[in-house]
Amino acid sequence: MNDLKWAHRHLLGISDLSKEEIFYLLEKANDFRNFLEKSPKRLANLKGYFLVNLFFEPSTRTRVSFEIAAKLLGMEVINFSTSLSSVQKGENLRDTVLTLSQMKVDILVVRHRESGLPLYFAGFLPFHIVNAGDGIREHPTQALLDLLTIKRQFGKVSGLRVAIVGDITHSRVARSLCVGLVKLGNSVVVSGPITLVPRSIEEVGAEIVFPVERAVQDVDIVYLLRIQRERQEAGYFPSLKEYSIFYGFDSKVMQLVRKSFVLMHPGPVNRGVEIASELVEAPFSLIQEQVTCGLAVRMAVLDTLIGSD
Amino acid sequence: MKRILIKRGTLVLVDKGVLADRDLLIEGNRIVRIDRGIQDPQAYVIDASGFLVGPGLVNMHVHFRELENSAGGDGLLAEMRAALKGGFTTIVVMPNTNPPLDEPLVVRYLGYRCREIGLVNVYPAGAITRGLEGQKMSEIGLLKQAGAVAFSDDGKSVMDSHLLYLALMYAKYFDVPFILHEEDISVSGEGQIHEGAVAFRRGLKGIPRVAEDSLIARDLVIGYYTGARVHFTHVSTYFAVELLRWFRDKALISADVTPHHLLLTEEAVDREGVFAKVKPPLREKRDVEALKEGIRDGVITVLASDHAPHKGKSKEMVFSEAAFGISNLEIAFPLYVKALVDEGVLDWVGLWKRMSLNPMQVLGMPEKGFLAEGAEADVTVVDPETEWEVNIENFESQGRNCPFNGWSLRGWPVYTIVGGKILMRERSILEP
Ligand SMILES: [Zn+2]
């Protein structure tokens, strides 16, 4: 492992990381990923450290992933997911997390629907903060786990072409991944309903291509985003049926992609909406591997942040 | 194969902008030759001397009422016959039918029924919003897949700006035009006729120009901002023309008018009563002049008709209870001749182009709507000189609600050929 001096107290977003720092984390995560194939798995690296999962938005997947990652490193974990759900914002929220700080935890993993909330916490809380998704801004560990999955599949994570399809506008996953991919020298095309693809994505280096059929041609990776029913109710597209027919990944679209392509999705999948059910577990699907890589990436992040103390 | 030879006519070459004395030979459903002195002893010959022979007329704003009635679709047949009589080979049907064209299945059904009847080409316009209620976007992609060529909530406006903004942006993916009826109902409200001298005198609630102008202004801006294709239908005010003129080179906009807004003013209400009740309302002389100027200088590039048949005679009805709308499908072309050719606003080629090639361009079918070797054999033959009187009793349409009864007009279509078949000959419909 290289000897980069880690310079960040928190992990708030992919935007804050240099190319070298991303490679450093990926390399470390890759080792953890290999380690996960062995048993027994428990390490003592971070024994005696405390992690608090503070989730204001439900996400069993990400919360459990952090919890297992922490426990595999020997940490103690406390979950605050429902008991604080009544706390919204402002002074109330500030008081609540200040109380946490008096409990002398070491690292706080936070998810909130407000973009920039982890950054706000970092301004006055004394411990490490990991952003586990803030509003529509960033989801750095998701981007890192996607990059790790790609690296392990292709043996590299640069010079690739990736199509991200779906609700780009409201997706922190898309934003972080796009920033990460471009930073490492990949090309990114985005597509989906025009109402859900913001023009401003071009400013981070992505290319907008319509229709979806054209966007997925000549790419190494097709990355589908989860479609929320609320977006239909808010009028961004007319129906889930129409979504699946024009923007969903099905056997018809399969005819257009390269033989060597792979399919990714941050999960959980809406079968029959963004992807035809029978394709979820197809040989070209990395959706399951992404989950395991998520664990490895979170181990690497915790180990790096606390290890830099 | 049966061939049709149209001899000695004057061809209206709308794409080239000229009239030319040529013969035209049709074989199957194609125009196969355009030339001088074509000889073909086996062909069925139409002697078109003294007639104009042009591409089949296109009307991008027509209403059908019932898609199905107890007698089994007579409504469709009647309006399609009216189209043929009017020289139209292609019409766009607005979605406020019963049931409305907001479901892919209904759009498919309409297409199927019209092909079965097999007279004119019918292109459905799908609803922008479900049930034309202005609340939720309809399945624009699926409707297009089912055959919708444009989208409209005609009869109403999409009052929710955010919804229209999203729908226009969403529809760009499918590259379809929106045909917008512009009327701010919070302004027009219970209005019956134009808010002018006649409304004042008769004590009727008026519809001010601002009801139309304000929404046109809004939607020019939304259309410009989204980069979507926006077509403003039945434009009726002088200020609307100015707004359109200001945006003409900035956005993908187009506009049409109706013949009644060019030939009548609010005063027609005094003479014709409920037959002159229409939306947008008949305006004033200055509006008519501005519309004509907009047509002359190319701000308004399409001539449609907003044919809106209403069954039965409603003359006796209280004004406020009568339906809005004018039945004009079979007289639209002669009406435009009176309004525009006779007034020196357009020549024949200019008129014809705005009723064939231009609407096809708006609909995204620029390869149609003009005469050419190899083109589909949709041809209309017009007698430019003979005057006939409008008689609503002879209308094919189920709608006799027409303020032009008794008018003497010239420029009547005398043959309508659709897909290589003569379906209207010497002003009579041939039974298919
Ligand atoms: Zn209409």
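Residues numbered from 1 in each chain as written. Chains lettered and ligands numbered in written order. Predicted model: local features only at pLDDT ≥ 70, side-chain atom pairs only at ≥ 80, totals over all residues. Heavy atoms only, no water.

Proteins that are soluble and globular tend to have nonpolar side chains buried together. The biggest cluster of nonpolar side chains holds 121 residues, and the ones touching the most others in it are F64(B), F178(B), F232(B), L340(B) and L351(B). Ranked by residue count, the leading element in this core is helix α4 (residues 161-172) of chain B, at 8 residues. Excluding anything up to four places from it in sequence, L351(B) contacts L303(B), F333(B), Y336(B), V337(B), L340(B), V341(B) and L346(B). Of all hydrophobic cores here, the second largest spans 66 residues; its members include L148(A), A174(A), I221(A) and M264(A). (Core = buried A, V, L, I, M, F, W, Y, C linked by side-chain atoms within 4.5 Å. Buried < 20%, exposed > 50% of the residue type's maximum accessible area, 1.4 Å probe, protein only. Helix = DSSP H or I, 4+ residues; strand = E, 2+ residues; numbered from the N terminus. Contact = heavy atoms within 4.5 Å.)

Residue and element names in this part refer to chain A. Following the UniProt record, the feature "binding site: L-aspartate" (unreviewed entry) maps to K89, R172 and R226 here. Beyond its immediate chain neighbours, meaning those up to four positions away, R172 contacts E57, R111, H112, G133, D134, G135, I136, R137, E138 and H139. Within the structure, R172 has its side chain in polar contact with the backbone oxygen of G135 (distance 3.0 Å). One can find R226 in the loop between β8 (221-224) and α8 (229-233). (UniProt positions renumbered as here; feature names shortened; annotations may be inferred. Polar contact = N/O pair within 3.5 Å; in protein donor to acceptor, adjacent residues only side chain to side chain.)

The next subject is helix α11 (residues 285-296) of chain B. All names here are of chain B. Between the first and last C-alpha of α11 there are 17 Å, a value that for 12 residues agrees with the 16 Å anticipated at 1.5 Å per step. Packing partners of the buried residues in α11 comprise α7 (209-226), α8 (238-247), β14 (253-257), α9 (259-263), β15 (302-303) and α12 (332-341). One or two steps after α11, the chain reaches G298, where phi turns positive at roughly 85°. (Expected span 1.5 Å × (residues − 1).)

Residue and element names in this part refer to chain A. Strands sit in the order β7-β6-β5-β8-β9 across an open sheet of 5 strands; the sheet is parallel. Edge positions in the sheet fall to β7 (207-208) and β9 (262-264), since each of these pairs with one other strand and no more. Sheet topology places strand β6 (residues 187-191) next to β7; 2 bridges connect them, and they run parallel. Residue pairing in the sheet places V189 in a bridge with E207 of β7. Contacting β5 (161-165), β6 and β8, helix α6 (residues 172-183) runs over the sheet at an angle of about 170° to β5. (Pairing = 2+ DSSP bridges. Axes fitted to C-alpha atoms, helices over the stretch in contact; angles between N-to-C directions.)

Now for the environment of R8(B). Along the chain, R8(B) falls in strand β1 (residues 3-13). C-alpha separation for the pair R8(B) and D35(B), spaced 27 residues apart in sequence, amounts to 10 Å.

We now examine the sheet that holds strand β1 (residues 50-55) of chain A. Residue and element names in this part refer to chain A. Taking strand neighbours across the sheet as the criterion, the 4 strands line up as β2-β1-β3-β4 in an open arrangement whose pairing is parallel. Here the strands that pair on one side only, and so sit at the sheet edges, are β2 (76-80) and β4 (128-134). On average, each strand axis in the sheet is tilted by 15° relative to the strand beside it, whichever way the strands run.

Moving on: the coordination of the zinc ion. All names here are of chain B. Every protein donor of the zinc ion is accounted for by H61 (NE2), H63 (NE2), D154 (OD) and D306 (OD), and the metal-donor separations fall at 2.0 to 2.2 Å. One can describe the donor arrangement at the zinc ion as irregular, given that its 4 donor atoms subtend angles of 83 to 166° at the metal. In terms of primary sequence, the donors binding the zinc ion are separated according to H-x1-H-x90-D-x151-D. Of the two residues, H63 is situated in the loop between β6 (57-62) and α1 (74-85) and D306 in the loop between β15 and α12; the sequence distance between them amounts to 243 residues. Given a relative accessible area of 6%, D306 falls into the buried group. (Donors = N, O, S within 2.8 Å, 3.2 Å for Na, K, Ca; no water. Tetrahedral: all angles 85-135°; square planar, octahedral: opposite > 155°, others 65-115°.)

Turning our attention to the packing of α1(B) against helix α2 (residues 104-117) of chain B. Residues and elements named next belong to chain B. Running from N to C, α1 and α2 cross one another at 60°; their axes reach a closest spacing of 11 Å. Comparing the axis directions of α1 and α2 gives the class oblique. Judged by the sense of rotation from one axis to the other, the crossing of α1 with α2 is right-handed. Counting all contacts with α1, which are made through L76, L77 and M80, the residues of α2 involved are L110, R113, C114 and I117. (Parallel < 35°, antiparallel > 145°, perpendicular 65-115°, else oblique. Left-handed = near helix turned anticlockwise from the far one by under 90°.)

So, about the UniProt feature "binding site: Zn(2+) 2" (unreviewed entry) in chain B. Residue and element names in this part refer to chain B. The sites that carry the UniProt feature "binding site: Zn(2+) 2" (unreviewed entry) are, in the present numbering, D154, H181 and H234. In three dimensions, the annotated residues from a span of 81 residues occupy one location, with a maximal C-alpha spread of 10.1 Å. Here H181 shows up in the loop between β10 (178-180) and α5 (185-188). In contact with H181, not counting residues within four places along its chain, are D154, G155, K156, S157, T233 and H234.

So, on to the packing of aromatic side chains. Scanning all chains against the criterion turns up 21 aromatic pairs over all chains. Their ring planes at 65° and their centres at 6.2 Å tell us that Y247(A) and Y170(B) sit as a pair that is edge-to-face. Here Y247(A) is found in helix α9 (residues 240-247), whereas its partner Y170(B) is found in helix α4 on a different chain. The residues Y247(A) and Y170(B) share a single accessibility class, namely buried. An aromatic cluster of at least three residues, connected via ring pairs, comprises F210(A), F237(A), Y243(A), F246(A), Y247(A), Y170(B), Y173(B) and F174(B). It is R286(B) that lies over the ring of Y238(B); its NZ or CZ is 3.6 Å from the centre. (Phe/Tyr/Trp six-rings, centres within 6.5 Å; stacked < 30°, edge-to-face > 60°. Lys NZ or Arg CZ within 6 Å of the ring centre and 35° of its normal.)

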